[in-house]
Amino acid sequence: MPEGGVKKAAYDLIKRFPGLRLLVRRCLRVLRGAVYRLNTWNVTPDPKTVLFCSYHGKSCSCSPRAIYDYMLASPAYREYRFLWVAEPSVEQSLAAAPRTRAVPFGGSAFQRAMAGAGYWVFNSTLPEHISPRRGQTYLQCWHGTPLKRLGYDIREEGNAMNSRAEIRRKYRLEGEKVDYFLSPSPFASACFRSAWQLERWGRGDAILELGYPRNDRLANATPEECQAMRRKLGIPPGKRVVLYAPTFRDDQHVSGTGYAYRPAADFAALREKLGEDYVILFRAHYLVATACDFTAWSGFVLDVSGVEEINDLYLAADLLITDYSSTMFDYAVLRRPILFYMYDLEQYRDRVRGFYFDLDELPGPILRSEDELAPAIRGTEHFVWDHDWEAFRQRFAPLDDGQAARRVTEAVMGKGKEK
């Protein structure tokens, strides 16, 4: 059987038998933990080495990238060295960067890099078999303000690959490890404390409520930078740009491939109704493995899922369409219109995840059908950022003022001095 067929068969088996899945995962965690200890027993953490990881090495972006860029540019940290966990396909963004080395996720080089760094800066969970040692500090940046319930707060059994009990175990393992947990708002702080049960694991004081460094660029953006991003993406002048960025569905998993998603929009109908005035940028969630073919709508729909830094897309877009994604909170920093396309609201809310707040609190329209899309998009052409939208931004992104990277770095690493 081909390698891909073996992988698919294995996934199908563990999806059908949760007990077997739990046993396999426990055995792998024990085995991988033993290998990690064996490979790193003689490695001592360096207090001036910082290891960064975004989305398990799939990009060099998000808040870890913003903190890295700040440290690299600051004279206060000129004696620090930097490691990036990065797949070969994304290493080019680090080309020629001083004091910086890339290592692939997993394997002995990754293990020794983890063991040798005094600081870990991640935006997703650590491998379950690796925990910080004495002399190491772990900063969990996470990757967004949650609308969808996380960890211990999930009430439904709608995940294709993990039961609710398995999800809670994963969050417990992570919650016990963190030294600092970054938050952009009081709302997010409460969600993170609850989802990871931080007080329960003795990490009640881990929350750093300082804003998201990744949004510094949005807060500081100029019209010139926005236009430059449009040119970089090849968008013709005069077009109105729509960014369509849906999240993944926990209950849609293809064995041997990953989470799948097919855009729930009729692009042919949208093209007919919107004409030549618009361009749609489609951005798949980083967990979604399914490729989409947009050749039939060439020039109208651009697949930008491979663009490493989503901030480039935010800056280029006049309008965001999303569903349950945290992109809504980040994009609000730009004070531009957002449409909420929630065609599967009941399924997602009641059977998959559930939400942290009532959707009636959203300041923009909730769209339930394809027929509503084109008129709603047209309706944003005269958008005004009013009191309701500003209240939304103040609730969910009050600290995203362009200085978060500095605040976070100084809080965790000090001002370039050894602690």
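One can find the structure itself at the top, above this paragraph.
Below you will find a few notes about this structure. Here the structure is a predicted model, which means the values were calculated and not measured. (Residues numbered from 1 in each chain as written. Predicted model: local features only at pLDDT ≥ 70, side-chain atom pairs only at ≥ 80, totals over all residues. Heavy atoms only, no water.)

## Examining the pairing of strand β11 (residues 278-282)
The element β11 is extensively covered by neighbouring structure, given that 5 of its 5 residues are classed as buried. Here β11 shows two buried faces, one formed by Y278, I280 and F282 and the other by V279 and L281. Across 3 bridges, β11 lies against strand β12 (residues 301-303) in parallel orientation. Looking at β12, one finds that I280 is bridged to V301. (Buried < 20%, exposed > 50% of the residue type's maximum accessible area, 1.4 Å probe, protein only. Helix = DSSP H or I, 4+ residues; strand = E, 2+ residues; numbered from the N terminus. Pairing = 2+ DSSP bridges.)

## Looking at the sheet that holds strand β13 (residues 319-322)
Sheet strands line up and pair through hydrogen bonds in the backbone, either parallel or antiparallel. In space, the 6 strands of this open sheet follow the order β12-β11-β8-β13-β14-β15, with parallel pairing throughout. Looking along the sheet, the strands with just one partner apiece sit at the ends: β12 and β15 (366-367). Pairing of strand β8 (residues 240-244) with β13, which is carried by 3 bridges, proceeds in the parallel orientation. When the bridges of β13 are listed, Y244 appears paired with I321.

## Comments concerning helix α3 (residues 62-73)
Between the first and last C-alpha of α3 there are 17 Å, a value that for 12 residues agrees with the 16 Å anticipated at 1.5 Å per step. On its buried face, α3 is in contact with β1 (46-53), β2 (81-85), β3 (100-103), β4 (117-122), β5 (137-140) and α15 (404-413). (Expected span 1.5 Å × (residues − 1). Contact = heavy atoms within 4.5 Å.)

## Overview of the packing of α3 against α15
At their nearest, the axes of α3 and α15 sit 9 Å apart, and the two run at 80° to each other. One element, α3, and the other, α15, form an angle in the roughly perpendicular class. From α3, A66, I67, Y70 and M71 reach across to α15, where they touch A405, R406, V408, T409, E410 and M413. (Axes fitted to C-alpha atoms, helices over the stretch in contact; angles between N-to-C directions. Parallel < 35°, antiparallel > 145°, perpendicular 65-115°, else oblique.)

## Let's talk about the environment of S63
If you trace the backbone, S63 turns up in helix α3. When its relative accessible area of 0% is taken as the criterion, S63 is described as buried. Sequence separation between S63 and F122 is 59 residues, and the spatial gap between their C-alpha atoms is 8.5 Å.

## Looking at a negative patch on the surface
Together, D266, E370, D371 and E372 line one region of the surface with negative charge. Mapped onto the secondary structure, E370 falls in the loop between β15 and α13 (373-379). On the basis of relative accessibility, which here comes to 39%, the residue E370 falls in the partly exposed class. (Patch = residues over 30% accessible without salt bridge, like charges linked within 9 Å, V, L, I, M, F, W, Y side chains within 5 Å. Areas by Shrake-Rupley, 256 points an atom, 1.4 Å probe, with all protein chains shown as cover. Salt bridge = Lys/Arg side-chain N within 4 Å of Asp/Glu carboxyl O. Lys, Arg positive; Asp, Glu negative; His and termini not counted. Charge placed at Lys NZ, Arg CZ, Asp CG, Glu CD.)

## Some remarks on the pattern of salt bridges
Enumeration over the complete set of coordinates arrives at 21 salt bridges. In this structure, D312 engages K232 in a salt bridge whose closest nitrogen and oxygen atoms are separated by 3.6 Å. Of the two residues, D312 sits in helix α10 (residues 310-316) while K232 sits in helix α8 (residues 223-232), which places them 80 residues apart along the sequence. Relative accessible area serves as the criterion here: at 9%, D312 is assigned to the buried category. Under the relative-accessibility criterion, K232 is labelled exposed at 60%. The salt bridge involving R378 is made with E381; its shortest N-O contact spans 3.0 Å. Owing to a relative accessible area of 36%, E381 belongs among the partly exposed residues under this scheme.

That's the geometry; what it means functionally is another story.
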